[in-house]
Amino acid sequence: MNFLTLMMICGVILLLAYRIYGRFLEKELKVDPSRTTPAVEVNDGVEYVPARKPVLLGHHFATIAGGGPITGPIAAVVFGWLPAVIWIIVGSIFVGGVHDYTSLQASIRHKAQSIGTVIKEYMGGRGQILFLSFSIATLILIVGVFMILVANTFVSVPEAATASILFLGVAIIFGFLVNQLRINLVFASILGVAAMLVSIWVGIQYPIHLSAPTWSLILLGYAYIASVMPVWLLLQPRDYLNAFLLYGLIIGAVVGILIASPTMQLPAYTGFRHETMGFLFPILFITIACGAISGFHSLVSSGTTAKQLDNEKNGKFIAYGAMLLEAFMAIITIGSVAYLTQADFAARLDALGGPIGTFAAGIGYFMSFWGIPEATAVTFAALTASAFLLTTLDSATRLMRYAVQEITENRAPKMFQNSHVATTTGLIGAAALALTGTWEQIWPLFGSANQMLGALALLAVVVWLKKTGARTFYVVIPMVFMFVVTVSALGVLMYNNFIASNYFLFFSAFVLFVLCVFLAIEGWRAMVEDKSDRTVKM
């Protein structure tokens, strides 16, 4: 099959889903553009900062995308490209998009507080503690695995390291110009994008060569600093500018695919069981996370995005739209390797040190069809991927800080409410993972925890909607499916790691499993008990 045909079909389906199903979700959630959002109401200049729609889309998309829609699909195509494509399309429309959008709306209806706070209101303090414990564990895994991926990318593509460092300086200057000096956004954006292109050129000319452990330590320090800085100074402008890189990458790849019209050589389906990955169910659904559904997205929606949303009406564009755009990115990722034979795919994955380098090589190949030297295009793709890995890394660290502060409030010494102490507390576990593990070891556990977090966020939304008297079927169905998938996956991981005598990962999976079971019980109790006298307004 020709990949161009597949890409166009998927693109049309996603556009129709945004128009039709997105409108349905907007109606069911009773979105009111006249209702004042927490960002506008609080506007403290640090965490609550109203952002214009394109700026917030850049932040949200850059944060949720990261390396997920690259790493997951490339790892999952061992089952064949067809199961991966079906899960990405169906999952993003009916599961991930619903998860992201409802999480955002639930948060802004509760003063832009986290999903943990929503759980506390409707399920009690015990439910909040269980959810936040699960969230912190998942975020530790996210920060740890993405620290490894970024460090490996910087080692294999040292040009990306230089450019990424320069990007940070550009973002800080951009944030100051736009937010403090009030320079016109369009003019500032032109200057910012130009400065980023210059940074790429400098990176190619002056690559930085350091070892992976050294980069891990540097990234640890960067994540800490980024977590405690005002959101307008680095997080918001950096993500906004980085989004232009990804938009450029997507456009460049699409144009290249239009010209190259590559034939897909990877098989559509290889079988229900893979010798190293295991069974298609449930492994496929935890391997492809960010392109279909990712629990991390609910933390972003209710963590940083909700505190920047200037109007409820923009929520569909930012949350549901970004999820569908990420799904399209995941489809392109499949195309970046599907034109290879199985033997060539395996050889490239091994030679380039993992999925990021493999993705960059495929995208660079497509972009070379419209005149860019292939080596330059490959470098650009790797730079873009590394920039987005960094956005996930520092945003996840900030969200981990929020979770630590929330779970320790009125339960632990006041020092844990300090941003520096809370950030350091969360980074200790992530640093241990990054310095002692590999992404291949951590990814299955990360995928399971991440998807279970998505199921738990959907559970919180269902309880909230039931208390308001709203319909819930469109959230209940994906919630039940994700619970079945992730409970099965955690069971498989516990068994496999116990047999392999990897007791650390076995114990980690067991703890996540127990937390999940207890929280599911709390959610069930909250849904079935008679609360007719406590129905709340939506």
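I will try to describe carefully the structure that is included in this document.

Calculation criteria
Residues numbered from 1 in each chain as written. Predicted model: local features only at pLDDT ≥ 70, side-chain atom pairs only at ≥ 80, totals over all residues. Heavy atoms only, no water. Helix = DSSP H or I, 4+ residues; strand = E, 2+ residues; numbered from the N terminus. Rg over C-alpha atoms; globule rule 2.2 N^0.38 Å. Buried < 20%, exposed > 50% of the residue type's maximum accessible area, 1.4 Å probe, protein only. Contact = heavy atoms within 4.5 Å. Areas by Shrake-Rupley, 256 points an atom, 1.4 Å probe, with all protein chains shown as cover. Salt bridge = Lys/Arg side-chain N within 4 Å of Asp/Glu carboxyl O. Lys, Arg positive; Asp, Glu negative; His and termini not counted. Polar contact = N/O pair within 3.5 Å; in protein donor to acceptor, adjacent residues only side chain to side chain. Disulfide = S-S within 2.5 Å. Axes fitted to C-alpha atoms, helices over the stretch in contact; angles between N-to-C directions. Parallel < 35°, antiparallel > 145°, perpendicular 65-115°, else oblique. Left-handed = near helix turned anticlockwise from the far one by under 90°. Nonpolar A, V, L, I, M, F, W, Y, C, P; charged D, E, K, R; others polar. Core = buried A, V, L, I, M, F, W, Y, C linked by side-chain atoms within 4.5 Å. Expected span 1.5 Å × (residues − 1). 1 Å grid on protein atoms, 1.4 Å probe; cavity = no way out; pocket = protein on both sides within 12 Å on 5 of 7 lines; lining within 4 Å. Points joined across faces, edges and corners; volume = space filled by probe spheres on them.

**With respect to the overall build of the protein chain**
A tally of helices and strands in the protein chain yields 21 helices and two strands. Against the 2.2 N^0.38 benchmark of 24 Å for 538 residues, the protein chain shows a C-alpha radius of gyration of 22 Å, consistent with a compact globule. Projected onto the principal axes, the alpha-carbon positions of the protein chain cover approximately 65 × 60 × 45 Å. Going through the 538 residues of the protein chain one by one, you find that 61% of them count as buried. Long-range contacts, defined as pairs at least 24 residues apart, comprise 86% of the intrachain contacts of the protein chain with a sequence gap of at least 6. As presented, the protein chain carries roughly 19900 Å² of accessible surface, and 67% of it is formed by carbon and sulfur atoms.

**Some details on the pattern of salt bridges**
Within this structure, the stated rule accounts for five salt bridges. In this structure, K313 engages E26 in a salt bridge whose closest nitrogen and oxygen atoms are separated by 3.7 Å. In this pair, K313 sits in the loop between α13 (295-305) and α14 (315-338) while E26 sits in helix α1 (residues 3-28), placing the two residues 287 residues apart along the sequence. Judged by relative accessible area, K313 falls into the partly exposed class, the value being 44%. On the accessibility criterion, E26 (11% relative accessible area) is buried. With a closest N to O distance of 2.4 Å, R471 and E28 form a salt bridge.

**Looking at the side chain of E406**
Of note, E406 is situated in helix α17 (residues 374-408). Salt bridges are absent for the buried E406, whose nearest opposite-charge side chain, R411, sits at 7.2 Å. A polar atom in the side chain of E406 sits 3.1 Å from the side chain of Q128. If sequence neighbours within four positions are ignored, E406 has contacts with S114, G116, T117, Q128, L132 and R411.

**Regarding the environment of H209**
Locating H209 in the fold gives a position in the loop between α9 (185-205) and α10 (212-228). Spatially, the C-alpha atoms of H209 and V155 are 6.7 Å apart, while their sequence positions differ by 54 residues.

**Some remarks on the state of the cysteines**
Going through the model one piece at a time under the given rule, you end up with zero disulfides. Among the cysteines around C10, which has no disulfide bond, C290 carries the closest sulfur, lying 18 Å off. Overall, C10 belongs to the buried group, its relative accessible area being 3%.

**Concerning the packing of α13 against α17**
It is the contact of α13 with α17, at a shortest axis distance of 10 Å, that shows an interaxial angle of 70°. Taken as axis vectors, α13 and α17 run roughly perpendicular relative to one another. Considering the relative orientation of α13 and α17, their crossing is left-handed. In contact with F296, L299, V300, G303 and T304 of α13, α17 contributes T392, A396, R398, L399 and Y402. Residue classes in the contact of α13 with α17 are distributed as six nonpolar, three polar and one charged.

**Concerning the nonpolar core**
With 189 residues, the main nonpolar core has F131, L249 and I363 as its most contacted residues. In terms of residue count, the dominant contributor to this core is α17 (18 residues). In this structure, I363 is in contact with L249, A253, I332, S336 and A381, ignoring residues within four places of it in sequence.

**Let's talk about unusual backbone geometry**
In terms of backbone geometry, most residues other than glycine have negative phi values and most peptide bonds are trans. Residue P282 follows F281 across a cis peptide bond; omega there is 10°. As for its placement among the helices and strands, P282 is situated in helix α12 (residues 280-287). The phi dihedral of N43 is positive, around 40°, even though this residue is not glycine. With respect to the helices and strands, the residue N43 is situated in the loop between α2 (38-42) and α3 (53-65). On the basis of relative accessible area, N43 is assigned to the partly exposed category, the value being 42%. For K111, which is not a glycine, the phi torsion comes out positive at approximately 60°.

**Here's the deal with the environment of Y206**
Along the polypeptide, Y206 turns up in the loop between α9 and α10. On the accessibility criterion, Y206 (56% relative accessible area) is exposed. Residues Y206 and V528, spaced 322 residues apart in sequence, show a C-alpha to C-alpha distance of 62 Å.

**Examining the packing of helix α4 (residues 68-76) against helix α16 (residues 355-367)**
The contact between α4 and α16 brings their axes to 9 Å, and the two run at 95°. In this view, α4 runs roughly perpendicular relative to α16, as classed from their interaxial angle. Of the residues in α16, those touching α4 at I70, T71 and I74 are P355, I356 and F359. Residues that form the contact of α4 with α16 fall into these classes: five nonpolar, one polar and no charged.

**Description of the environment of G22**
On the secondary structure map, G22 appears in helix α1. A relative accessible area of 0% places G22 in the buried class. For the pair formed by G22 and Y320, sequence separation is 298 residues and the distance between their alpha carbons is 7.0 Å. Other than its neighbours up to four places away in sequence, G22 contacts A17, K316 and Y320.

**A closer look at α16**
End to end, α16 covers 18 Å across 13 residues, agreeing with the expected 18 Å (1.5 Å per residue, within 8%). Of all 13 residues in α16, twelve are buried; the element is thus mostly enclosed. Taken together, the buried positions of α16 are P355, I356, G357, T358, F359, A360, A361, G362, I363, G364, F366 and M367.

**Regarding the layout of surface pockets**
A probe as big as a water molecule, rolled over the atoms, marks out the empty space that is left. A volume near 480 Å³ is recorded for the second largest pocket. As for the second largest pocket, its lining consists of 26 residues, and the residues nearest its centre are Q113, S114, T117, Y402 and E406. Looking at the lining of the second largest pocket, the elements with two or more residues in it are α6 (115-123), α7 (125-156), α13 and α17. With five residues, the top contributor of residues to the lining of the second largest pocket is α17. Considered class by class, the residues forming the lining of the second largest pocket number nine nonpolar, eleven polar and six charged.

Coordinates in, geometry out; function isn't part of it.
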